[in-house]
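# Coordinate inspection notes
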Amino acid sequence: MNKPLLATLATLVITGAGAAPAVAAPTTDAPVRATAAKRTAPAIQAAGFAGTVSLSNCSGSVIRFPGSADSDPALVLTNGHCLETGFPAPGEVVVDQASSRSFGLLNSAGTRIGTLRASKVAYSTMTDTDVTIYQLTRSYAQIKSSYGINALTMSDTHPVAGSAIKVVSGYWKRIYSCNVDGFVYRLKEGDWTWKDSLRYTSACNTIGGTSGSPVVDVATGKVVAVNNTGNEDGESCTVNNPCEVDENGNVTVRQGINYAEETYQIAACFGAGNKLNLSASGCTLPKP
């Protein structure tokens, strides 16, 4: 996974079969997937960061659904493995967990212009997908009034192979541009398995700290996935080396290729007032 730096160092000390993916350790501050020991930010792109956020160890974005109202409490999307209380175990689903986590809000140039704060973790899991959704203390209208920033809209339709996409990292203030290479029936990494994952073409060579970045469809401007992992060393199905598994159980390893988890299915699980309803018609997210 696109892990934080200090988690990498910890992995060198505490390593074992079945260990949690070395990504977002709850007590770390600086993310990196590689073994570098310093936070050396890549060059800032010209524009495109408005609505993204930086976390202490990951990237994220302020998001809304097609049915969200301006008066609704705003939401932040990042990875399940970025949850501050630790990685959800396989089969674990976290809902309505208290949180006061802070997020650095960016403008289009990648400048931090304010701090947003969570009121709770609305939903988090690493089962079937890899997402955390925080509810904030401010509404979309309040964020717009204070900072002039709109939330990114989540697509409620499946992404399309070949589409041009951008992976926008609020942590590194870097934008990766590539295309959707295809979709993976099952993506397995360590103890975790994700369904119908999105595979990038090689140009999106995401690094640690990009975990949780929104994957934006260039044509629509909507979020279609959330960046989460890549195969670093060419190993098969191990932590930081996810493998692809097809319907027949055949395993494929693509060293250097990175992946995201689709998000189109999330909209059906949030109703009026951005309230989570895992029993809603069409909601397929794992339940506690």
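Conventions adopted
Residues numbered from 1 in each chain as written. Predicted model: local features only at pLDDT ≥ 70, side-chain atom pairs only at ≥ 80, totals over all residues. Heavy atoms only, no water. Helix = DSSP H or I, 4+ residues; strand = E, 2+ residues; numbered from the N terminus. Buried < 20%, exposed > 50% of the residue type's maximum accessible area, 1.4 Å probe, protein only. Contact = heavy atoms within 4.5 Å. Areas by Shrake-Rupley, 256 points an atom, 1.4 Å probe, with all protein chains shown as cover. Disulfide = S-S within 2.5 Å. Polar contact = N/O pair within 3.5 Å; in protein donor to acceptor, adjacent residues only side chain to side chain. Core = buried A, V, L, I, M, F, W, Y, C linked by side-chain atoms within 4.5 Å. Pairing = 2+ DSSP bridges. pLDDT = per-residue confidence, 0-100. Phe/Tyr/Trp six-rings, centres within 6.5 Å; stacked < 30°, edge-to-face > 60°. Lys NZ or Arg CZ within 6 Å of the ring centre and 35° of its normal.

## Re the overall build of the protein
The helix and strand tally for the protein stands at 2 helices and 16 strands. Looking at the 288 residues of the protein, the share that counts as buried comes to 53%. A separation of at least 24 residues holds for 68% of the contacts in the protein among residues at least 6 apart in sequence. Accessible surface computed for the protein: about 11,100 Å², of which carbon and sulfur atoms make up 51%.

## Looking at the environment of G221
Position of G221 among the secondary structure elements: in the loop between β12 (214-217) and β13 (223-230). Note on G221: relative accessible area 39%, which makes it partly exposed. Each C-alpha atom of the pair G221 and L152 lies 7.9 Å from the other, and the pair is 69 residues apart in sequence.

## So, the state of the cysteines
Scanning the entire structure with this criterion turns up 4 disulfides. A sulfur-sulfur separation of 2.1 Å characterises the disulfide bridge that pairs C178 with C204. Its S-S torsion of approximately -100° makes the covalent link between C178 and C204 left-handed. With C178 in strand β10 (residues 174-189) and C204 in the loop between β11 (192-200) and β12, this residue pair connects regions lying 26 residues apart in the sequence. Each member of the pair, C178 as well as C204, carries the same accessibility label: buried. For C237, the disulfide goes to C243, at an S-S distance of 1.9 Å. Across the S-S bond of C237 and C243 the torsion is about 95°, and the bridge reads as right-handed. Overall, C237 belongs to the buried group, its relative accessible area being 19%. Accessibility expressed as a relative area gives 0% for C243, which makes it buried.

## Description of the side chain of N2
Secondary-structure assignment places N2 in the segment before α1 (5-13). Given the relative accessible area of 0%, N2 is considered buried. A distance of 2.9 Å separates polar atoms of two side chains, one belonging to N2 and the other to N227.

## Structural notes on the nonpolar core
Among the nonpolar cores identified, the biggest contains 46 residues, and V62, F65, L77, F103, I266 and F270 are the most heavily contacted of them. Broken down by secondary-structure element, the contributors of at least two residues to this core are β2 (59-64), β3 (73-78), β4 (93-98), β5 (102-106), β6 (112-125), β7 (131-139), α2 (140-147) and β13. C178, V180, Y200 and V224 belong to the second-largest nonpolar core, a separate cluster that totals 12 residues.

## Here we look at the pairing of β6
In the sheet, β4 pairs with β6 via 5 bridges, with the strands oriented antiparallel. Within β6, the residue paired with Q97 across the bridge is V121. Bridge count for β6 against β7 is 6 bridges, and the pairing is antiparallel. Across the sheet, residue K120 finds its bridge partner in β7, namely Q135.

## Some remarks on the confidence of the model for the protein
Averaged over the protein, the pLDDT score is 88; the fraction of residues at 70 or greater is 84%. Segment residues 4-39: pLDDT under 50, and 93 contacts once partners within four positions in sequence are set aside and those in other chains are kept. For residues 41-47, every residue scores under 50 in pLDDT, and the model assigns this stretch 15 contacts once sequence neighbours within four places are set aside.

## A few points about the side chain of S163
Within the secondary structure, S163 is located in the loop between β8 (152-153) and β9 (164-169). Of the residues examined, S163 reaches a relative accessible area of 16% and is grouped as buried. Leave out the neighbours within four places in its chain, and S163 touches C178, N179, V180 and D217.

## Focus: the packing of aromatic side chains
Summed over the entire model, instances satisfying the criterion amount to 3 aromatic pairs. Seen from their ring centres, Y171 and W172 are 5.1 Å apart, and the 85° between their planes marks the pair as edge-to-face. Of the residues examined, Y171 reaches a relative accessible area of 5% and is grouped as buried. A residue is classified by how much of its surface remains accessible, and W172, at 3% relative accessible area, is buried. R64 extends its terminal NZ or CZ atom over the ring of Y140, reaching a point 4.7 Å from the ring centre. Residue placement shows R186 over the ring face of Y185; its charged tip is 4.0 Å from the ring centre.

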